[in-house]
Amino acid sequence: MHLTFVKRGGRYDDLTIVRGDGASETIACPKQGIIPHDMVHYAVESVLAHRGFLSLVQEGQAAGFATGGKESEDAVERLVETFQAEMWGGRVPATDLIAAYEHACAARGHGIAAISSHDVAAIRDRLDDLTHQWAALPQNGALTLRFPEA
């Protein structure tokens, strides 16, 4: 599956998803001052083997859906939110990030997706690379990423 993020002016960027069978759809991504939310999903889900939004889209779900609330999907969403919060607020020790993530899952009443300090480092590396590439894009510039097959 290929994900093409396009940096737009205004309040939204675009994400076009092209699945392995050639089917595609485009969704609007609200700007948030960092890379797009679904690009953070890419960083997390391409490093870890946990199912989340992009894994479900790859399996045929419409990109505009809300996850069905399964525990693994909710856990990945909390992890994406935790990394986003770090991107907005600044780096913390990996153990603190993992503790914040576990707290967020407990507060929502679901389990966690297993994550190690090594995983945190790999996701951060991917986020740093994506942030650099995204910042270098001009308005209407595109960044295409390949989401690994399941």
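Owing to the predicted nature of the structure, the values given are computational and were not obtained by experimental measurement. (Residues numbered from 1 in each chain as written. Predicted model: local features only at pLDDT ≥ 70, side-chain atom pairs only at ≥ 80, totals over all residues. Heavy atoms only, no water.)

## A look at helix α1 (residues 37–47)
To be explicit about the condition: We call a residue buried when its accessible area falls under 20% of the maximum for its residue type, exposed when it is over 50%, and partly exposed in between, using a 1.4 Å probe and counting protein chains only. Helix numbers and strand numbers start at the N terminus; a helix is a DSSP run of H or I with at least 4 residues, a strand a run of E with at least 2.
The buried count for α1 comes to nine of 11 residues, which makes it a mostly enclosed element. The set of residues buried in α1 consists of Asp38, Met39, Val40, His41, Tyr42, Ala43, Val44, Glu45 and Ser46.

## Observations regarding the confidence of the model for the protein
For clarity, the cut-off: Per-residue confidence from the prediction method is given by pLDDT, with values spanning 0 to 100.
In the predicted model, the protein carries a mean pLDDT of 91, and 94% of its residues have values of at least 70. When the elements of the protein are averaged for pLDDT, helix α2 (residues 53–58) gives the smallest value, 86, and helix α5 (residues 117–136) the largest, 98.

## Concerning the pairing of strand β1 (residues 2–6)
We apply this condition: Think of it this way: DSSP has to see at least two bridges between two strands before they count as a pair.
The pairing of β1 with strand β2 (residues 12–18) spans five bridges and is antiparallel. Of the residues in β2, the one forming a bridge with Thr4 is Thr16. Remark: five residues form the turn of the hairpin made by β1 and β2, two consecutive strands paired antiparallel; Gly10 in that turn has positive phi of roughly 80°. Judged from the five bridges that link them, β1 and strand β4 (residues 142–146) form a sheet pairing that is antiparallel. Considered in β4, the bridge of Phe5 is made with Leu143.

## As for unusual backbone geometry
Although it is not a glycine, Asn140 adopts a positive phi angle of roughly 75°. The class of Asn140 is partly exposed, set by a relative accessible area of 46%.

## Quick notes on the sheet that holds β2
Keep this limit in mind: Whenever a helix is involved, its axis is fitted only over the stretch in contact; in every case the axis is a line through C-alpha atoms, and angles between N-to-C directions fall within 0 to 180 degrees. Throughout, a residue-residue contact means that at least one pair of heavy atoms, one from each residue, lies within 4.5 Å.
Strands sit in the order β3-β2-β1-β4 across an open sheet of four strands; the sheet is antiparallel. If you trace the sheet from one side to the other, it starts and ends with β3 (24–30) and β4, each paired once. Sheet twist, expressed as the average angle between the axes of neighbouring strands with direction ignored, equals 20°. Relative to β4, α1 is tilted by about 30°, and along the sheet it contacts β1, β2, β3 and β4. The sheet strands contacting α5 are β1, β2 and β4, and the helix crosses β4 at an angle near 150°.

## Let's talk about helix α4 (residues 94–108)
Along an α-helix, residues three or four positions apart point the same way, because every turn accommodates 3.6 residues. Cut-off, in case you're wondering: The span one expects for a helix is its residue count, reduced by one, times 1.5 Å. This arc is built from the directions going out from the helix axis to the C-beta atoms.
With 15 residues, α4 should reach 21 Å at 1.5 Å per residue; the first-to-last C-alpha distance of 21 Å fits that figure. Turning to α4, its buried residues number three or more, namely Ala94, Leu97, Ile98, Tyr101 and Cys105. Angularly, the buried residues of α4 cover 95° about the axis, an arc narrow enough to put them on a single face. Turned more than 90 degrees away from the buried face of α4 sit Thr95, His103, Ala106 and Ala107, all of them exposed. One or two positions beyond α4, positive phi appears at Gly109, with a value near 80°.

## A few points about the pairing of β2
Residues Asp13, Leu15 and Ile17 line the buried face of β2, whereas the alternating positions Tyr12, Asp14, Thr16 and Val18 sit on a face that is not buried. For β2 and β3, the ladder comprises seven bridges, and the chain directions are antiparallel. Note on β3: the bridge partner recorded for Ile17 is Glu25. Counting the residues that bridge the hairpin from β2 to β3 gives five residues, and of these Gly22 lies at a positive phi of roughly 95°.

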